[in-house]
Amino acid sequence: MNRLGPGILAGVDGAKWRQHLKTNGLSVQAGIRFRLRYRAILMHSLLSASYRKREEREFSAEIERTEVQDPIFVLGHWRSGTTHLHNLLSVDPQLAFPTTYETVFPYTFLLTEQKRSRLLSWMMPSTRPMDNVRQSLQAPNEDEFALNTMTFLSPYMSWVFPRGADRYDKYLTLREIPEPEIDAWRNALIFFLRKLTYHYQRPIILKSPTHTARIKLLLELFPNCQFVHIHRDPYIVFQSTLHTNSKLIELTSLQDAGSADLTGRVLRNFRAMYDSFFEDAPLARGSRFHEVRYEDLDRNPLLEMRKLYDALSLQGFDNIKPALEAYIGSLSNYEKNRFAPMCESQRASIKSAWRREFDVWKYPV
């Protein structure tokens, strides 16, 4: 992610973006990096506008007729191993996934991905800003970025406007927002999945931590979808999520974070996510839901992936085993983030706020 580039909003509709700023009274802070980033967003939106009109003319009828095949949703809090699990599933040629390019440019990827992804690849560092995971415009990525670009109804907008985080955090669970906003969110997700299904003609694997809090809503849209949930030591999740939020605010924001309480937000959003998750998870039973412990997946990925395929009744594990082994082998030199030990008061806050998760998943407090 280029420090002075458009961040996560490269593919926005320019008119909708300006209206969002006006309606919500949002302003870009004075300062060269904020102004340059804002101009980069507008420049990219202008470049995309003509492509979007052409794509709508050429593909809208086919997209409208496309039926979404039952998706698989990878669930889990940020920094729980969702990307690793998504990448492992994405090895299977029976399944498809949204690429980074497609999540950044949801309006125009059918027309532009093949050509523009090569032109834009120089803007993207080889690893993600918050860790050493390799990234590219062709790699699997989160559909939440596409939904954020199309609707702004996402907690990811808090990285752009960190001082207004409370405005966007309510979109994590989507439980207490007006019906017109729910409709806009539903329409955006279905539109994006229809485009992906038309493009790939296969079931789509979707990975966005935000969906962990939306199981009931997703089942209403896709009654036969499946879920894989991954969890990890909450202490590690906390430190890594705090680090990730700081990095992404630095790289995408249009205003200084000021006195934003990042620690409090991580604690609150985890709580809100898993309050929703534990209420809704019983709705997905049997071969519709499987749970993975990150530490087990890290220790023996082939065994855990075989268990996953058996649990979800997915076919062809033996056929993809060589590709899985090759991908796992490519990670041999990967170095995980290291963080300084937390002070006892911080550990106490996490234990108090997330005690249920320590107990349910049997992590030592």
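Values in this document were obtained by computation on a predicted structure and should not be read as measured data.

> Could you give an account of the overall build of the protein chain, with specific residues and numbers?
In terms of regular secondary structure, the protein chain is built from 17 helices and four strands. Whereas a compact globule of 365 residues would reach a radius of gyration of roughly 21 Å, the protein chain reaches 20 Å, a difference of no more than 12%. With respect to the principal axes defined by its C-alpha atoms, the protein chain has extents near 50 × 50 × 45 Å. Within the span of the protein chain, comprising 365 residues, buried residues form 55% of the whole. Expressed as a percentage of contacts within the protein chain between residues at least 6 apart in sequence, the contacts between residues at least 24 apart total 81%. Taken as a whole, the protein chain presents about 16,400 Å² of accessible surface, with 51% of it coming from carbon and sulfur.

> Provide a residue-level description of the pattern of salt bridges, including the pertinent values.
Counted by the stated rule, this structure contains 23 salt bridges. Ionic pairing is found between Arg214 and Glu144, a salt bridge with its closest N-O pair at 2.8 Å. Note that Arg214 is positioned in the loop between β2 (205-207) and α10 (215-221) and Glu144 in helix α6 (residues 143-151), a separation of 70 residues in sequence. You can call Arg214 buried: its relative accessible area is 1%.

> Explain the nonpolar core to me, and be specific about the residues and the numbers.
One finds Leu9, Trp17, Phe161 and Phe227 to be the most contacted residues of the largest nonpolar core, which totals 84 residues. No other element matches helix α9 (residues 179-200), which puts eight residues into this core. Leu9 has contacts with Trp17, Ile41, Asn148, Phe152, Met157 and Val160, leaving out every residue within four places of it along the chain. In terms of nonpolar packing, the next biggest core, distinct from the first, is built from 22 residues, Leu85, Ile230, Tyr294 and Leu297 among them.

> Which residues make up the packing of helix α12 (residues 262-280) against helix α16 (residues 344-353), and what values go with them?
Interaxial distance between α12 and α16 falls to 10 Å at its minimum, and their mutual angle equals 20°. Between α12 and α16, the interaxial angle falls into the category roughly parallel. The crossing of α12 and α16 is right-handed. In this structure, α12 contributes Thr263, Leu267 and Arg271 to the contact, and α16 contributes Gln346, Ser349, Ile350 and Ala353. Counted by class, the contact of α12 with α16 contains three nonpolar, three polar and one charged residues.

> Any chance you could break down the packing of aromatic side chains for me, citing the residues and the numbers?
Taken as a whole, this structure holds 22 aromatic pairs when the rule is applied. Look at Phe277 and Phe289: their rings are 6.2 Å apart centre to centre, the planes differ by 40°, and that puts the pair in the tilted class. Residue Phe277 is found in helix α12, and its partner Phe289 is found in strand β4 (residues 289-293); the two are separated by twelve residues along the sequence. Residue classification places Phe277 among the buried residues on the basis of a relative accessible area of 2%.

> How would you explain the pairing of strand β1 (residues 72-75) if you had to name every residue and give the values?
Every regular strand shows the same layout, with side chains that alternate between the two sheet faces. Burial along β1 is two-sided: Ile72 and Val74 facing one way and Phe73 and Leu75 facing the other are all buried. Note: β1 against β2, three bridges, orientation parallel. Within β2, the position partnered with Phe73 by the bridge is Leu206. As paired strands, β1 and strand β3 (residues 226-231) are joined by four bridges and run parallel to one another. Note on β3: the bridge partner recorded for Phe73 is Phe227.

> An account of the environment of Leu242 is needed here, citing residue identities and associated values.
Relative to the helices and strands, Leu242 resides in helix α11 (residues 234-252). Counting along the chain gives 118 residues from Leu242 to Met124, while the straight-line C-alpha distance between them is 22 Å.

> Can you explain the sheet that holds β2? Please cite residues and give values.
Taken in spatial order, the four strands make up an open sheet running β2-β1-β3-β4, and their pairing is parallel. In this open sheet, the two strands that pair with only one neighbour each are β2 and β4. Strand-to-strand twist across the sheet, computed as the mean angle between neighbouring axes with direction ignored, equals 20°.

> Give a detailed account of unusual backbone geometry, specifying residues and quantitative values.
Outside of glycine, negative phi angles account for most residues, and trans bonds account for most peptide bonds. If you check the backbone angles, Phe152 has positive phi at about 60° while not being a glycine. Its place among the elements puts Phe152 in the loop between α6 and α7 (157-160). By relative accessible area, which is 2% here, Phe152 ends up buried. Even without being glycine, Gln201 reaches a positive phi, approximately 55°.

> Before we move on, can you summarise α6 with the specific residues and values?
Along α6, nine of the nine residues are buried, which leaves the element largely enclosed by surrounding structure. For α6, the complete set of buried residues consists of Asp143, Glu144, Phe145, Ala146, Leu147, Asn148, Thr149, Met150 and Thr151. Packed against the buried residues of α6 are α1 (14-23), α4 (100-104), α7, α9 and β2. Looking one or two places after α6, you find Phe152, whose phi comes out positive at around 60°.

> Please provide a residue-by-residue account of the packing of helix α2 (residues 32-65) against helix α5 (residues 109-120), values included.
Where α2 contacts α5, the axes come no closer than 9 Å and their chain directions differ by 145°. Counted together, His44, Leu47, Ser48, Tyr51, Arg54, Glu55, Glu58, Phe59 and Ile63 of α2 and Phe109, Leu110, Leu111, Thr112, Arg116 and Leu120 of α5 form the full contact between these two elements. Split into classes, the residues belonging to the contact of α2 with α5 amount to eight nonpolar, three polar and four charged.

Reading guide: rules and limits
The residue count restarts for each chain, going from 1 along the sequence in the order it is written. With the structure being a predicted model, the display of local features is reserved for residues of pLDDT at least 70 and the display and counting of side-chain atom pairs for 80 or more, all residues being used for whole-chain, interface and lining totals. Calculation of side-chain values draws on the structure's entire complement of heavy atoms; hydrogens and water are dropped beforehand. The numbering of helices and of strands both runs from the N terminus, where a helix is a DSSP run of H or I of at least 4 residues and a strand a run of E of at least 2. Radius of gyration: over C-alpha atoms. The globule rule applied is 2.2 Å multiplied by the number of residues raised to the 0.38 power. Each residue is assigned to one of three classes by its accessible area relative to the maximum for its type, calculated with a 1.4 Å probe on protein chains only: buried under 20%, partly exposed between the two thresholds, exposed over 50%. Residues are treated as being in contact if the distance between any of their heavy atoms lies within 4.5 Å. Working definition of accessibility: Shrake-Rupley area with a 1.4 Å probe, residue cover restricted to the visible protein chains. Put simply, a salt bridge is a Lys or Arg side-chain nitrogen that is within 4 Å of an Asp or Glu carboxyl oxygen. Here, nonpolar core means buried Ala, Val, Leu, Ile, Met, Phe, Trp, Tyr and Cys residues that are tied together by side-chain atoms lying within 4.5 Å of each other. Helix axes use the C-alpha atoms of the stretch in contact, all axes being lines fitted to C-alpha atoms, and the angles between their N-to-C directions lie in the range 0 to 180 degrees. Every angle not falling under 35 degrees, over 145, or within 65 to 115 is termed oblique; those three ranges are roughly parallel, roughly antiparallel and roughly perpendicular. The crossing is said to be left-handed when, going from far helix to near helix, the turn is anticlockwise and less than a right angle, and right-handed when the turn is clockwise. Residue polarity is assigned by list, with Asp, Glu, Lys and Arg as charged and Ala, Val, Leu, Ile, Met, Phe, Trp, Tyr, Cys and Pro as nonpolar; anything else, Gly included, falls into the polar class. Pairing of aromatic side chains requires ring centres within 6.5 Å, counting the rings of Phe and Tyr and the six-membered ring of Trp. Pairs whose planes differ by under 30 degrees are stacked, by over 60 edge-to-face, and all others tilted. Only strands that DSSP links by at least two bridges are regarded as paired with each other.

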